[in-house]
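Okay, here's what each chain looks like letter by letter:
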Amino acid sequence: MDRIIIKDAEFFCNIGVSAKERSRKQKIFADAEMFFDTRKAAKTDDIKNTINYSSAYDLMKSIAEKKEYGLIETLANDIAKGILDKFNAQKINVKVKKRLTNMKYAAVEITREKNG
């Protein structure tokens, strides 16, 4: 299966376990690997036959910014669900990374399938 990949998409969202941490927007990075058969798009050279990565980014951004999150796990799950619901991806890997003061970042990576 082919993959369309978005790496290190940046969003600002209210996320964190404590109310204090959620009180200010933090920069979050997300990767998405969308599994999709790209042969029709390659043959036709038409964006209507693929997953538009710009539209996928816009959806990821709107999901990240629409509400407060306690956990990066919840954000990753919402992004995966949103992509699978809106686009023709059969499977998706999502990684959400949050920078912390004492490490480069903490991350969660999940895999979800369309009918799973």
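Refer to the preceding data block for the structure.
Residues numbered from 1 in each chain as written. Predicted model: local features only at pLDDT ≥ 70, side-chain atom pairs only at ≥ 80, totals over all residues. Heavy atoms only, no water.

### Some points on the pairing of strand β4 (residues 103-113)
Judged from the nine bridges that link them, strand β3 (residues 91-100) and β4 form a sheet pairing that is antiparallel. The residue bridging lysine 95 from the neighbouring strand is glutamate 109, located in β4. From the end of β3 to the start of β4, which pair antiparallel, there are two residues. (Pairing = 2+ DSSP bridges. Helix = DSSP H or I, 4+ residues; strand = E, 2+ residues; numbered from the N terminus.)

### A word on the environment of arginine 3
Mapped onto the elements, arginine 3 comes out in strand β1 (residues 3-13). It is 6.0 Å that separates the C-alpha atoms of arginine 3 and glutamate 33, two residues lying 30 residues apart in sequence. Beyond its immediate chain neighbours, meaning those up to four positions away, arginine 3 contacts Glu33, Met34, Phe35 and Phe36. For arginine 3, the side chain forms a polar contact with the side chain of glutamate 33, separated by 2.3 Å. (Contact = heavy atoms within 4.5 Å. Polar contact = N/O pair within 3.5 Å; in protein donor to acceptor, adjacent residues only side chain to side chain.)

### Digging into helix α4 (residues 72-86)
The end-to-end C-alpha distance of α4 is 21 Å, a good match for the 21 Å that 15 residues give at a rise of 1.5 Å each. For α4, the full list of buried residues reads Ile72, Leu75, Ala76, Asp78, Ile79, Ala80, Gly82, Ile83 and Leu84. (Expected span 1.5 Å × (residues − 1). Buried < 20%, exposed > 50% of the residue type's maximum accessible area, 1.4 Å probe, protein only.)

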